[in-house]
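Reading the structure
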Amino acid sequence: MIIGSAVCECLIYDAHSLKEKRAVLQRILTRLKQKYNVSVSEVGFQDMWQRTKIAIVVVTSTRVTTEHELQNALKLIDSFPEIERTITEIEWL
């Protein structure tokens, strides 16, 4: 069993309130959960308008599969024009 986690710091430039930020985040987190076999949550900067930290965790039987799911999830985040991923840290357990 391999556990992979990615923690991403992101900027949401067009958010002018926490409500706008959460609307963008909700759309992204819901899409990640629907499309990939991942657990995902906002884990930092909850009270900041234009900044967030998202954690993605994948558990599979092989490292290759885990890495593939994580990379696909990160690509999906990058596909949203309203959010920019800045710092990403990946860990293996």
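Structural notes, computed from the coordinates. (Residues numbered from 1 in each chain as written. Predicted model: local features only at pLDDT ≥ 70, side-chain atom pairs only at ≥ 80, totals over all residues. Heavy atoms only, no water.)

Among the secondary structure elements, threonine 52 is positioned in strand S3 (residues 51-60). Apart from residues lying up to four places away in sequence, threonine 52 is in contact with Cys8, Glu9, Cys10, Ile12, Lys21, Leu25, Glu42, Gly44, Phe45 and Ile83. (Helix = DSSP H or I, 4+ residues; strand = E, 2+ residues; numbered from the N terminus. Contact = heavy atoms within 4.5 Å.)

Running from N to C, helix H1 (residues 18-35) and helix H2 (residues 63-79) cross one another at 150 degrees; their axes reach a closest spacing of 10 Å. One finds that H1 runs roughly antiparallel with respect to H2. For H1 against H2, the interelement crossing comes out right-handed. Counting all contacts with H1, which are made through Ile28, Arg31 and Leu32, the residues of H2 involved are Ala73, Leu76 and Ile77. Of the residues in the contact of H1 with H2, the class split is 5 nonpolar, no polar and 1 charged. (Axes fitted to C-alpha atoms, helices over the stretch in contact; angles between N-to-C directions. Parallel < 35°, antiparallel > 145°, perpendicular 65-115°, else oblique. Left-handed = near helix turned anticlockwise from the far one by under 90°. Nonpolar A, V, L, I, M, F, W, Y, C, P; charged D, E, K, R; others polar.)

The subject of this paragraph is the nonpolar core. For soluble globular proteins, nonpolar side chains are generally found buried alongside one another. Of all hydrophobic cores here, the largest spans 23 residues; its most connected members are Ile28, Leu32, Ile54, Ile56, Ile77 and Ile83. Every element with two or more residues in this core is listed here: strand S1 (2-11), H1, S3 and H2. Not counting the four nearest positions on each side in its chain, isoleucine 83 is found in contact with Cys10, Leu11, Ile12, Ile28, Thr52, Ile54 and Ile77. (Core = buried A, V, L, I, M, F, W, Y, C linked by side-chain atoms within 4.5 Å. Buried < 20%, exposed > 50% of the residue type's maximum accessible area, 1.4 Å probe, protein only.)

Residue position: threonine 66 is located in helix H2. A distance of 2.4 Å separates polar atoms of two side chains, one belonging to threonine 66 and the other to threonine 60. What threonine 66 contacts, discounting residues up to four positions off in sequence, is Ile2, Ile3, Gly4, Val58, Thr60 and Trp92. (Polar contact = N/O pair within 3.5 Å; in protein donor to acceptor, adjacent residues only side chain to side chain.)

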